[in-house]
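Fold and contact review
Residue strings, one per chain:
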Amino acid sequence: MSQSKCRVCREPAIIDLPRHNANFCAEHLLQLCRRQVEKAIADHDMLSFDDRILVAVSGGKDSLAVWDLLTELGYRADGLYVGLGIGGYSDVSARHAQRFADERGLTLLTIDLRDQYGYDVPTAAKVTRRVPCSACGLSKRHLFDRAALDGDYDVVVTGHNLDDEAAVLFGNTLRWDVEYLARQLPVLPARDGFPRKVKPLIRLTEREMAAWCIVRGIDYQVDECPMAYGNKHLAYKDALNSIERESPGSKAAFYLEFVDKMAPLLAGTNKAATGELRACDRCGSPTTGETCAFCRLEARVSGHEPVPVEMVLNKRARTAYLATKAAGE
Ligand code: AMP
Ligand code: FES
Ligand code: ZN
Ligand code: ZN
């Protein structure tokens with residue numbers, strides 16, 4: 001790579017992007033990222049400069065990068081961090097999110113599952129006997145919606161990137177899960193008490209976001225969630241990466257062409273967007289039943305004695321987690 005030159009300015013390049021068949025210097029990598037975000041926002045009418053934006057920040061590279069990008073582009077964006085209680089992983093994530101906000105004078109809202117709702121993700125996983133990502137995803141979605149409505153935000157931004165979206169699409173396609181496919185859009189419009197939700201990083205990869213953070217001096221949580229170890233999502237990412245190596249551009253074509261060509265054909269099959277909603281009898285959030293799924297989960301697991309992370313990992317995941325923990329001490 002040492003000999004390669006930036007496509008734009010011919011100065012030494014810091015990154016090669018086979019998908020664009022080009023190399024870029026730091027400055028022009030940043031320019032490319034900004035342009036891809038601007039294009040995603042414009043193509044899908046994601047955001048306006050009047051919007052009050054709430055960025056869901058996990059402390060990882062993608063969500064810190066999207067917050068940085070939007071702020072730099074002139075949008076008004078606050079952050080929201082949800083403490084999931086996943087041992088040391090959550091502690092480190094929280095520190096990165098808070099430091100990023102403090103250094104830039106940005107507002108970060110924080111919600112802690114254990115302090116405010118009496119449970120955490122490992123405990124919920126143990127009690128419900130479901131995979132941790134299930135209680136985790138349900139809690140996050142609910143709390144993002146809730147915080148946006150309570151704080152009068154117009155829209156929730158998440159840091160889902162091209163790799164994330166392509167991997168989810170791959171999984172949904174393998175199962176021909178039409179209902180999920182119909183919902184896998186870069187923008188979910190606001191409706192019946194749910195805020196609009198948008199994903200401005202759909203045209204950028206994980207690698208590009210890591211490079212953005214390095215060039216911009218953003219410190220982020222590098223480790224993957226210990227509870228995600230060995231899950232299918234990561235396997236789908238690996239599979240797509242090996243296709244991408246053979247045929248650069250495949251990943252972007254797979255997802256972006258789905259959004260352009262296939263998603264419109266599926267519009268209308270999205271049952272969740274057409275069902276009748278009413279207010280949850282406990283929290284008032286829109287739901288199809290009497291009590292929303294979050295309140296049902298909370299009622300079931302809240303107050304249960306806390307279960308440590310390692311108790312809900314399988315053997316291989318536990319070994320990997322304990323090794324990372326020991327290395328960090
Ligand atoms: P994940 O579901 O972990 O792949 O994360 C997808 C997106 O959800 C991230 O890019 C963030 O925008 C958001 N997110 C994940 N974890 C958290 C968290 N603990 N607090 C706030 N936002 C989060
Ligand atoms: Fe949700 Fe790991 S971040 S289970
Ligand atoms: Zn350059
Ligand atoms: Zn509820």
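Residues numbered from 1 in each chain as written. Chains lettered and ligands numbered in written order. Predicted model: local features only at pLDDT ≥ 70, side-chain atom pairs only at ≥ 80, totals over all residues. Heavy atoms only, no water.

Turning next to the nonpolar core. In this structure, L47, I53, V55, W67, L70, W212 and Y255 are the most contacted members of the largest nonpolar core, which totals 61 residues. Filtering out sequence-adjacent residues up to four positions away, Y255 remains in contact with L162, E165, A166, L169, Q184, L185, P186 and I202. Ranked by size, the runner-up nonpolar core spans 34 residues in total, among them V121, L143, A228 and C295. (Core = buried A, V, L, I, M, F, W, Y, C linked by side-chain atoms within 4.5 Å. Buried < 20%, exposed > 50% of the residue type's maximum accessible area, 1.4 Å probe, protein only. Contact = heavy atoms within 4.5 Å.)

This part takes up the packing of helix α7 (residues 162-174) against helix α11 (residues 250-266). Packed helices, taken two at a time, are described by their axes: the angle between them and the distance between them. Running from N to C, α7 and α11 point in directions that differ by 70°, and their axes come no closer than 9 Å. As judged from the angle between their axes, α7 and α11 are roughly perpendicular. Counted together, L162, D163, E165, A166, L169, F170 and T173 of α7 and K251, A252, F254, Y255 and F258 of α11 form the full contact between these two elements. Broken down by class, the residue content of the contact of α7 with α11 amounts to eight nonpolar, one polar and three charged. (Axes fitted to C-alpha atoms, helices over the stretch in contact; angles between N-to-C directions. Helix = DSSP H or I, 4+ residues; strand = E, 2+ residues; numbered from the N terminus. Parallel < 35°, antiparallel > 145°, perpendicular 65-115°, else oblique. Nonpolar A, V, L, I, M, F, W, Y, C, P; charged D, E, K, R; others polar.)

This part covers the coordination of the zinc ion (ligand 3). Coordination of the zinc ion (ligand 3) by the protein is provided by C6 (SG), C9 (SG), C25 (SG) and H28 (ND1), with metal-donor distances spanning 2.0 to 2.3 Å. Geometry at the zinc ion (ligand 3) is tetrahedral, judged from its four donor atoms and the angles of 96 to 114° they form at the metal. (Donors = N, O, S within 2.8 Å, 3.2 Å for Na, K, Ca; no water. Tetrahedral: all angles 85-135°; square planar, octahedral: opposite > 155°, others 65-115°.)

Bringing the pattern of salt bridges into the picture now. Within this structure, the stated rule accounts for 22 salt bridges. D78 is paired through a salt bridge with R52; the nearest N and O atoms lie 3.8 Å apart. You can see D78 sitting in strand β4 (residues 76-83) and its partner R52 sitting in strand β3 (residues 52-56), a full 26 residues away along the chain. The partly exposed category is assigned to R52, whose relative accessible area is 28%. A salt bridge links E72 to R216; the nearest nitrogen and oxygen atoms lie 3.6 Å apart. Separated by 144 residues along the polypeptide, E72 in helix α2 (residues 61-72) and R216 in helix α9 (residues 206-216) bring together distant segments of the chain. One network of salt bridges, with partners in common, ties together R34, D68, E72 and R216. (Salt bridge = Lys/Arg side-chain N within 4 Å of Asp/Glu carboxyl O.)

The zinc ion (ligand 4) binds to the protein through C280 (SG), C283 (SG), C292 (SG) and C295 (SG); the donor distances cover 2.3 Å. With four donor atoms in place around the zinc ion (ligand 4) and angles of 106 to 114° between them, the coordination shape is tetrahedral. Spacing between the donor residues of the zinc ion (ligand 4) along the chain follows C-x2-C-x8-C-x2-C. On the basis of relative accessibility, which here comes to 5%, the residue C292 falls in the buried class. Accessibility expressed as a relative area gives 3% for C295, which makes it buried.

Turning to the site of ligand 1, a few remarks are in order. Lining the immediate environment of ligand 1, one finds 13 residues, of which A56, V57, V82, F144 and G159 sit closest. For ligand 1, an oxygen atom lies 2.5 Å from a polar atom in the backbone of A56. Contact between ligand 1 and G159: an oxygen atom at 2.9 Å from a main-chain N or O atom of the residue. Protein chains shield 77% of the accessible area of ligand 1, which is 470 Å² for the free molecule. (Near = heavy atom within 4 Å. Polar contact = N/O pair within 3.5 Å; in protein donor to acceptor, adjacent residues only side chain to side chain. Areas by Shrake-Rupley, 256 points an atom, 1.4 Å probe, with all protein chains shown as cover.)

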